[in-house]
Amino acid sequence: MGTGRFRIIDAALAPHITRAATRMESAAAGAFSVFEGRVRNEHRGRAVLRLDYQAYVPMAESEGDKVLAEAIERFGLLDAVCLHRVGRLEIGEPAVWIGVLAGHRDASFGGCRYVIDEIKQRVPIWKREYYMDGESDWIQGAG
Amino acid sequence: MGTGRFRIIDAALAPHITRAATRMESAAAGAFSVFEGRVRNEHRGRAVLRLDYQAYVPMAESEGDKVLAEAIERFGLLDAVCLHRVGRLEIGEPAVWIGVLAGHRDASFGGCRYVIDEIKQRVPIWKREYYMDGESDWIQGAG
Amino acid sequence: MRIEVLYFASLRDASGVEQESVEMPEGDASQLFDQLNARHGFALPRERLRVAVNSEFADWHRPLTDGDEVAFIPPVSGG
Amino acid sequence: MRIEVLYFASLRDASGVEQESVEMPEGDASQLFDQLNARHGFALPRERLRVAVNSEFADWHRPLTDGDEVAFIPPVSGG
């Protein structure tokens with residue numbers, strides 16, 4: 001089973017982010033990098049109203065755990081955690097939060113970037129955008 | 001005078017980080033990157049007990065503001081903020097916090113990395129390390 | 001044999017269900033997909049999908065076994 | 001003319017003060033440094049320092065004016 005470092009959450013992410021960030025501590029950590037992806041009001045020139053995220057939850061968590069384990073191994077990280085929202089999200093809400101703890105900044109930046117890039121390639125989560133003009137689309141592929 | 005985006009703080013950084021992060025919002029923001037530098041227990045093989053940071057405060061704030069303005073311009077950021085601690089710091093405490101808001105992740109990662117690298121090159125702040133063996137040293141140059 | 005099929009994104013919209021139990025003779029995921037595509041008319045061809053068997057990415061031509069859980073994975077857009 | 005000099009890090013340790021007012025004839029920051037170095041014996045040579053005049057990095061050879069605030073900037077180690 002997974003390591004539990006990657007979690008799909010069907011509720012506002014903010015309190016989960018606070019708790020996750022608080023736990024990321026180590027006397028050997030000189031660098032803590034965070035990436036937070038948020039819902040923005042525009043995509044490829046179209047005004048966005050809101051999003052829905054859907055996930056294949058057990059596989060997203062196991063595949064996400066693999067991504068985080070790879071990042072820890074490749075970049076020599078002290079820890080790496082990811083929270084990903086599902087359900088209905090409004091403009092400005094966090095959709096994904098990645099926290100990476102490392103000895104030095106090269107590793108924390110590199111590891112954090114690796115995690116978001118891999119999630120966008122292979123973790124089974126899908127985004128449906130609802131536009132101001134009343135249409136909606138499943139986004140196919142990484143943004 | 002400066003823009004006030006870069007601030008030297010002579011007290012625990014955590015509550016200031018919380019406030020600064022809360023303010024970083026924009027409907028156009030798809031990406032929020034954070035880098036936090038912390039005091040680690042080891043430097044070049046020596047066990048570190050604690051640090052002192054000293055700054056030329058008005059110049060650090062004006063030079064830091066320049067770095068943040070450059071990052072905003074070069075990477076097309078929506079916002080960029082930095083808090084830097086001075087005084088006595090213990091292992092695990094945050095020494096510097098950088099928050100960068102952008103439309104997309106390339107810009108937020110790039111801008112965040114630019115800010116920490118430039119701070120380490122040219123913002124007049126100095127670190128004195130106190131070692132377990134009782135010695136201490138002013139660190140000369142970027143780490 | 002009986003296969004549990006999960007649908008996501010536009011495939012869920014086409015099938016109208018989140019999952020269904022499907023009877024099929026011996027075969028692999030590509031044959032299962034063709035059988036279901038004929039019924040539901042998915043918007044995405046098989047070439048644009050990946051397949052997962054029991055929550056792991058798998059080869060389209062690995063033989064399925066009774067009780068497997070199969071998901072067709074459209075291009076992902078999380079993050 | 002009267003110059004306000006600020007000391008940081010190892011230069012502050014050598015001078016024993018955070019700042020001092022210094023009288024000097026017309027001249028530039030390099031001459032001011034040499035005058036102060038003779039008195040305090042700094043651990044860092046001028047080649048390893050930058051100079052700031054009124055909180056801005058400046059050229060060592062720009063003439064100073066009465067009332068300027070001058071800081072010798074050791075290699076920085078913030079962040």
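Note: the structure precedes this text.
Throughout what follows, the structure given in this document is the object of discussion. (Residues numbered from 1 in each chain as written. Chains lettered and ligands numbered in written order. Predicted model: local features only at pLDDT ≥ 70, side-chain atom pairs only at ≥ 80, totals over all residues. Heavy atoms only, no water.)

Brief notes about the interface of chain A and chain C
Item 1. Contacts between chain A and chain C engage 27 residues on the former and 22 residues on the latter.
Item 2. Summing the contributions of chain A and of chain C, the shared interface buries around 2000 Å²; its carbon and sulfur component is 54%.
Item 3. Of all residues in chain A, the largest losses of buried area upon contact with chain C belong to Y56(A), W126(A) and Q140(A), amounting jointly to 34% of the total for that side.
Item 4. Linking chain A with chain C are two salt bridges.
Item 5. Across the pair E56(C) and K66(A) runs a salt bridge, and its minimum N-O distance is 2.7 Å.
Item 6. The interface formed by chain A and chain C includes 16 residue pairs in polar contact (both at pLDDT 80 or more).
Item 7. Elements that contribute at least two residues to the side of chain A that touches chain C include exactly β4 (46–55), α2 (57–75), α3 (105–122) and β8 (125–131) of chain A.
Item 8. When the residues that make up the side of chain A that touches chain C are grouped by side-chain class, the tally is 15 nonpolar, six polar and six charged. (Contact = heavy atoms within 4.5 Å. Buried area = accessible area lost by both parts, 1.4 Å probe. Salt bridge = Lys/Arg side-chain N within 4 Å of Asp/Glu carboxyl O. Polar contact = N/O pair within 3.5 Å; in protein donor to acceptor, adjacent residues only side chain to side chain. Helix = DSSP H or I, 4+ residues; strand = E, 2+ residues; numbered from the N terminus. Nonpolar A, V, L, I, M, F, W, Y, C, P; charged D, E, K, R; others polar.)

Topic: the interface of chain A and chain B
Where interface size is given, it is often the accessible area lost as the parts come together that is meant.
Item 1. Facing 31 residues of chain A, the contacting portion of chain B comprises 31 residues.
Item 2. In total, about 2600 Å² of surface goes out of reach between chain A and chain B, with carbon and sulfur atoms giving 49% of it.
Item 3. Of all residues in chain A, the largest losses of buried area upon contact with chain B belong to R38(A), R105(A) and F109(A), amounting jointly to 28% of the total for that side.
Item 4. Our enumeration of links across chain A and chain B arrives at four salt bridges.
Item 5. Between D117(B) and R105(A) there is a salt bridge; the shortest N-O distance is 3.0 Å.
Item 6. The interface formed by chain A and chain B contains 19 residue pairs in polar contact (both at pLDDT 80 or more).
Item 7. Those elements giving two or more residues to the side of chain A that touches chain B turn out to be β2 (31–38) and α3 of chain A.
Item 8. Per-element tally for the side of chain A that touches chain B: the top contributor is α3(A), with nine residues.
Item 9. Here β2(A) runs beside strand β2 (residues 31–38) of chain B; their pairing, made up of seven bridges, is antiparallel. (Pairing = 2+ DSSP bridges.)

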